[in-house]
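Chain by chain, the residues:
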Amino acid sequence: MRSFRHDVANQLGMLQLLLGQGDLEGARTQLESINNDYDLASFQKIYVGDEMLDAVLSMMKQETDKKGMRLDVIGRIESEKRYNSYELCAIFSNAIRNAIEACEKIGSKGPILVNILEKKETLLCTVENPATEEMYQQIQQGKTTKDDNENHGYGVGNIRRAIKRLDGELEYRYKEGRIILEMYI
């Protein structure tokens, strides 16, 4: 859902432009696209026990499926504690998007592994994906691997800020061709 919200502002801006130009057919097509994206974002395939996190993980699953990648999600939130859905959305959408991009760069189909374990009202989460040691070093240095670093490279920083706002901790590790993001929330 966070990913949908991220893009919907641009989509709505385009819709407004089309309507302002009197292009009703273009506006209708744009609105149908927005509606389809919303339907995809709210279709739930994955259930971990938090409605917003379920939507984000399901949307990421759809994205990896389209790219022929494997995304496995294991775990469940059992307590009645309500976690900050906005922050969870930012964390997991950015972490999985980064994992998808890493897989694409090295020509891997995954798997991207997401583990969620709740213990005494603390979420212990990992996102693990194939990567190179160079990719890991760039994360450690706070650099993006994308050419346009002025408009990219915010994902890891957004994850770090969201974890900090939740009074959590995170660590990136590299082991045997895989980056592992460990989070305690």
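Everything below is about the structure printed above this text.
The structure presented is a predicted model; accordingly, all values stated were derived computationally and were not measured.

Conventions we followed
Residues numbered from 1 in each chain as written. Predicted model: local features only at pLDDT ≥ 70, side-chain atom pairs only at ≥ 80, totals over all residues. Heavy atoms only, no water. Helix = DSSP H or I, 4+ residues; strand = E, 2+ residues; numbered from the N terminus. Buried < 20%, exposed > 50% of the residue type's maximum accessible area, 1.4 Å probe, protein only. Polar contact = N/O pair within 3.5 Å; in protein donor to acceptor, adjacent residues only side chain to side chain. Contact = heavy atoms within 4.5 Å. Axes fitted to C-alpha atoms, helices over the stretch in contact; angles between N-to-C directions. Parallel < 35°, antiparallel > 145°, perpendicular 65-115°, else oblique. Left-handed = near helix turned anticlockwise from the far one by under 90°. Nonpolar A, V, L, I, M, F, W, Y, C, P; charged D, E, K, R; others polar. Arc of directions from axis to C-beta.

Participant: Explain the side chain of Ser-108 here, please?
Facilitator: Note that Ser-108 resides in the loop between α4 (85–106) and β2 (112–119). Residue classification places Ser-108 among the buried residues on the basis of a relative accessible area of 15%. Within the structure, the side chain of Ser-108 is placed 3.0 Å from the backbone nitrogen of Gly-110, a separation counted as a polar contact. If sequence neighbours within four positions are ignored, Ser-108 has contacts with Met-69, Cys-103 and Pro-130.

Participant: What am I meant to see in the packing of helix α3 (residues 51–66) against α4 here?
Facilitator: Packed helices, taken two at a time, are described by their axes: the angle between them and the distance between them. Running from amino to carboxyl end, α3 crosses α4 at an angle of 15 degrees, the nearest separation of the two axes being 9 Å. Relative to α4, the element α3 is oriented roughly parallel. The handedness of the crossing between α3 and α4 comes out as right-handed. The segment α3 lies against α4, with Met-52, Leu-53, Val-56, Leu-57, Met-60, Glu-63 and Thr-64 engaging Ser-85, Leu-88, Cys-89, Phe-92, Ser-93, Ile-96, Arg-97 and Ile-100. For the contact of α3 with α4, a count of residues per class yields 10 nonpolar, 3 polar and 2 charged.

Participant: It is not clear to me how helix α5 (residues 133–141) should be interpreted in this structure. Could you clarify?
Facilitator: Structural remark: α-helix, 3.6 residues per turn; residues separated by three or four positions point the same way. Here α5 has its buried residues at Met-135, Tyr-136, Gln-138 and Ile-139. The buried residues of α5 all sit within an arc of 160 degrees when viewed along its axis, so they share a single face. Among the structural elements, α4, α6 (155–165), β4 (169–175) and β5 (178–184) are those in contact with the buried residues of α5. Once α5 finishes, Gly-142 follows within two positions and takes phi at roughly 75 degrees, a positive value.

Honestly, that's just the spatial picture; any functional story needs more than this.
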